[in-house]
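The residues making up each chain are set out below.
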Amino acid sequence: MKKILIIALAFLALGSQMEINAAKKEGKGLKWEWDGTKSGNETIDKYLVQIDTLYEKMKEYQNSMESLNIIEDTLQINGKYYIMSHMEDSDGNIYTRGRVNWQCAQAALQGTNIVLEMTNAGLGSATAALELPNLGLKALKFAKYVKGGPTIISEGTKAIKAIRGKWVANSRQWKAMKDGAIENAASIGYQGFTPEIVAKLNKCYYVREITSEAPEYEEVVKHFTGKTPEEIEKETEDHARKLAQSTVMPEDKSKELDKTPDLEEELA
């Protein structure tokens, strides 16, 4: 009976892996369908909880990247060209510079920790699989979850590393925005920037003047080519209006960093 059960588990595991591969080919992404039901076996249940926790952390980590966007607005003011750069979430809330730095640092720490946890969870995969025959007929129900664990660990680790790579790119871009940024946005001299807007710019944005030596110069000039002075003025007014209405993330000193972290070193 035990041999028959082991053979049945092998076929079930193979079928489960084929379903996972097919789902990935169809672009459905990585799936974990355990509903939280316990088997009664301490080793197996501990393993399933561990995988379930890691799966949720992986999704949360992925959402942390997808919910943040670097936005660049191009302006022409008094014959000069500027790019205003900032980061905001999917709801349009603007992050302060310090919050962006903190978010980048957290990305490095969280990603590293999740990968480490996945590595540790992998050590229990074989042990949990060996416990399946001890479940009797219930093994058929729990085999697909136990056998799916290594896939979650393997593909999840790849996903986390890919997301960390995006944070590295974001950090690099954020540093580039900071380089050469104007210290005080009031020096631009645009009357539509009220003191409140200037304070928001100085706190959340990097404003850079784009001269003919800058690699972005031609692209920026192209954006304004063919536009009338009235159209350019209206565009600048629209940016000022958007700034006045935008919501800045609330102050939280526990989530503020003055210095942009070097994620390329952290994630090496």
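This text goes with the structure placed above it.
Starting afresh in each chain, residues are numbered from 1 along the sequence in its written order. Predicted model: local features are reported for residues with pLDDT of at least 70 only, side-chain atom pairs are reported and counted for 80 or more only, and whole-chain, interface and lining totals are derived from all residues. Based on all heavy atoms of the structure, the side-chain values leave hydrogens and waters out of the count.

## Here's the deal with the sheet that holds strand 3 (residues 206–209)
- By the convention used here, strands pair only if DSSP detects at least 2 bridges between them. Secondary structure elements follow DSSP: runs of H or I of four or more residues count as helices, runs of E of two or more count as strands, with numbering from the N terminus. Strand order in the open sheet formed by three strands is 1-2-3, and the pairing between neighbours is antiparallel. The open sheet is flanked by strand 1 (68–77) and strand 3, the only strands paired with a single partner. Recorded for the sheet is a direction-independent mean angle of 20 degrees between the axes of neighbouring strands.
- Note that strand 1 and strand 2 (residues 80–89) share ten bridges and pair antiparallel. Among the inter-strand pairings, Ile-77 is bridged to a residue of strand 2, identified as Lys-80. Structural elements are reduced to axes, namely lines fitted to C-alpha atoms, with helices fitted over the stretch in contact, and the angle between N-to-C directions of any two is expressed from 0 to 180 degrees.

## Digging into the packing of helix 2 (residues 42–66) against helix 3 (residues 97–122)
- At a closest axis distance of 11 Å, the pairing of helix 2 and helix 3 adopts a crossing angle of 155 degrees. For the element pair helix 2 / helix 3, the angle class is roughly antiparallel. The two elements helix 2 and helix 3 meet at a crossing, and its hand is left-handed. In this structure, helix 2 contributes Tyr-47, Gln-50, Ile-51, Leu-54, Lys-57, Met-58 and Tyr-61 to the contact, and helix 3 contributes Ala-107, Gln-110, Gly-111, Ile-114, Glu-117, Met-118, Asn-120 and Ala-121.
- Here the contact of helix 2 with helix 3 is composed, by residue class, of nine nonpolar, four polar and two charged. Under this scheme an angle from 65 to 115 degrees is roughly perpendicular, one under 35 degrees roughly parallel, and one over 145 degrees roughly antiparallel; angles in between are oblique. When the near helix sits turned anticlockwise from the far one by under a right angle, the crossing is termed left-handed; a clockwise turn instead gives a right-handed crossing. By the convention used here, residues are in contact when the closest approach between their heavy atoms is within 4.5 Å. Under this grouping Gly is polar, as are all residues other than the nonpolar Ala, Val, Leu, Ile, Met, Phe, Trp, Tyr, Cys and Pro and the charged Asp, Glu, Lys and Arg.

## Some remarks on the layout of surface pockets
- Cavity means a closed set of points on a 1 Å grid over the protein atoms alone, one where a 1.4 Å probe fits but cannot get out, pocket means an open set with protein on both sides within 12 Å along at least 5 of 7 lines, and lining means a residue has an atom within 4 Å of a point. Grid points are joined across faces, edges and corners, and a volume is the space filled by probe spheres set on the points. Of the voids in this model, the second largest pocket is the one considered here, and its volume is about 190 Å³.
- Along its surface, the second largest pocket is lined by 14 residues, and Glu-60, Ser-64, Trp-102, Gln-103 and Gln-110 are the ones closest to its centre.
- Of all the secondary structure elements, the ones that give two or more residues to the lining of the second largest pocket are helix 2 and helix 3.
- The biggest single contributor to the lining of the second largest pocket is helix 3, with six residues.

## Side note on unusual backbone geometry
- The backbone of Asn-78 shows a phi angle near 50 degrees, a positive value even though the residue is not glycine.
- With respect to the helices and strands, Asn-78 occurs in the loop between strand 1 and strand 2.

## Remarks on the packing of aromatic side chains
- Each Phe, Tyr or Trp ring (for Trp, its six-membered ring) is paired with any other whose centre lies within 6.5 Å, and the angle between the two planes then decides the class: stacked below 30 degrees, edge-to-face above 60, tilted in between. Under the counting rule described, the total for this entry stands at six aromatic pairs.
- Ring geometry for Tyr-190 against Phe-193: centres 5.0 Å apart, planes inclined by 80 degrees, an arrangement best described as edge-to-face.
- Among the aromatic residues, those joined into a ring-pair cluster are Trp-32, Phe-142 and Tyr-145.

## Topic: empty space enclosed by the protein
- A full pass over the atoms with the stated rule returns one cavity of 30 Å³ or more.
- Considered as a void within the structure, the largest cavity measures approximately 30 Å³ in volume.
- Lining the largest cavity, in full, are Asp-73, Met-84, Tyr-205, His-239, Lys-242 and Leu-243.
- It is helix 8 (residues 229–245) that provides the largest number of residues to the lining of the largest cavity, a total of three residues.
- Looking at the lining of the largest cavity residue by residue, the classes come out as three nonpolar, one polar and two charged.

## Observations concerning the nonpolar core
- Only buried residues count toward a nonpolar core, which is a set of Ala, Val, Leu, Ile, Met, Phe, Trp, Tyr and Cys residues joined through side-chain atoms within 4.5 Å. Only protein chains enter the accessibility calculation, which uses a 1.4 Å probe; a residue is then buried when its area is under 20% of its type maximum, exposed when over 50%, and partly exposed in between. Formed by 39 residues in total, the largest nonpolar core has its most connected members in Trp-32, Leu-48, Leu-132 and Trp-167.
- Of all the secondary structure elements, the ones that give two or more residues to this core are helix 2, strand 1, helix 3 and helix 5 (139–178).
- Top contributing element to this core by residue count: helix 5, with twelve residues.
- Listed in part, the 17 residues of the second largest apolar core include Leu-75, Ile-94, Tyr-190 and Phe-193.

## Side note on the pattern of salt bridges
- Should a side-chain nitrogen of Lys or Arg be within 4 Å of a carboxyl oxygen of Asp or Glu, the pair is scored as a salt bridge. The full count for this structure, using the stated rule, is eight salt bridges.
- Among the salt bridges present, the one from Lys-57 reaches Glu-117, with a minimum N-O distance of 2.9 Å. On the criterion of sequence distance, the pair formed by Lys-57 in helix 2 and Glu-117 in helix 3 is long-range, its members being 60 residues apart.
- On the basis of relative accessible area, Lys-57 is assigned to the partly exposed category, the value being 30%.
- Relative accessible area serves as the criterion here: at 29%, Glu-117 is assigned to the partly exposed category.

## Topic: the packing of helix 3 against helix 5
- Running from N to C, helix 3 and helix 5 point in directions that differ by 160 degrees, and their axes come no closer than 10 Å. Judged by the angle between their axes, helix 3 and helix 5 are roughly antiparallel. Crossing angle aside, the handedness with which helix 3 passes helix 5 is left-handed.

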